[in-house]
Each structure stands twice: as C-alpha cells, then as structure tokens.
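Architecture at a glance
Next come the chains, spelled out residue by residue.
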Amino acid sequence: MRFLQIEILPSGNALIDIDKLTHAVPEGEGSRLFLGAQHVDVPHTLDELENVLAGRNRFDNGENSTAGFGQR
C-alpha cells in the first residue's frame, strides 16, 4: 500500500491510502476525494491535488518542477 499525508478540512492531516482513491471532484474552493464508500474534503484544487499526489510542490505550475525534491 502507498500512503500519502494530506491536509484536510477543517485544518488537520489525514493519512490516505492512494490505492483506494477512486476519484476526486471540485468541492467549494477545494476538492472531495472519494475512497471507496468514504470521502474526505481537502483544501486543494484538482490541479494542486495532482501535484501533491505526484510528489511535487502543491503550487507547482511546471516551470520549476522538482518532482518532489526541495531546492536549496
């Protein structure tokens, strides 16, 4: 199993098994993640969520992509 720690609403963190993520839809200013019969609301847009799931910076627009590696 592959787990991802992600910020959720209200402010907090959740450990999510990304293998159980079935789909995500826009919800308010964030997204609703569906994990089988359960859902979790996160403050990420779908573009930001894609970056998070790929291990990139949440706000990465592709210009300075570091594929999850921090710059020093």
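Refer to the preceding data block for the structure.
This next bit is on the environment of threonine 22. As for its position among the elements, threonine 22 is in strand 3 (residues 21–27). Sequence separation of threonine 22 and histidine 39 is 17 residues, and the distance between their C-alpha atoms is 9.8 Å. Leaving out residues up to four positions away in the same chain, threonine 22 has contacts with Phe34, Leu35 and Gly36.

This next bit is on the nonpolar core. Of all hydrophobic cores here, the largest spans 11 residues; its members are Leu4, Ile6, Ile8, Ala14, Ile16, Leu33, Leu35, Val40, Val42, Leu49 and Val52. Mapped onto this core, the elements with two or more residues apiece are strand 1 (3–8), strand 2 (12–17), strand 4 (30–35), strand 5 (38–42) and helix 1 (46–53). Setting aside residues no more than four positions away along its own chain, valine 52 makes contact with Leu4, Ile6, His44 and Arg58.

With respect to topology, three strands assemble into an open sheet ordered 3-4-5, the strand pairing being antiparallel. Looking at the sheet topology across the chains shown, the edges are occupied by strand 3 and strand 5. Mean inter-strand twist for the sheet, computed between neighbouring axes without regard to direction, equals 20°. In this structure, strand 3 lies alongside strand 4, joined through six bridges in antiparallel fashion. Paired with alanine 24 across the two strands is leucine 33, which belongs to strand 4. Packing against the sheet, helix 1 makes contact with strand 3 and strand 4, and its axis sits at approximately 145° to strand 3.

Once that is clear, we can look at the side chain of histidine 44. Considering the arrangement of structural elements, one finds histidine 44 in the loop between strand 5 and helix 1. Classification of histidine 44 by relative accessible area gives buried; the value is 3%. Among residues more than four places away in sequence, those in contact with histidine 44 are Ile6, Glu7, Gly30, Ser31, Leu49, Val52 and Arg58.

Hairpin connection between strand 3 and strand 4: a loop of two residues separates the two successive antiparallel strands, and glycine 28 in this loop has a positive phi of roughly 60°. As defined by bridge partners, strand 4 adjoins strand 5 across five bridges and the pair is classed as antiparallel. The partner of phenylalanine 34 across the bridge, within strand 5, is histidine 39. In this structure, the hairpin formed by strand 4 and strand 5 is closed by a connection of two residues, where glycine 36 is found at a positive phi of approximately 65°.

Conventions we followed
Residues numbered from 1 in each chain as written. Predicted model: local features only at pLDDT ≥ 70, side-chain atom pairs only at ≥ 80, totals over all residues. Heavy atoms only, no water. Helix = DSSP H or I, 4+ residues; strand = E, 2+ residues; numbered from the N terminus. Contact = heavy atoms within 4.5 Å. Core = buried A, V, L, I, M, F, W, Y, C linked by side-chain atoms within 4.5 Å. Buried < 20%, exposed > 50% of the residue type's maximum accessible area, 1.4 Å probe, protein only. Pairing = 2+ DSSP bridges. Axes fitted to C-alpha atoms, helices over the stretch in contact; angles between N-to-C directions.

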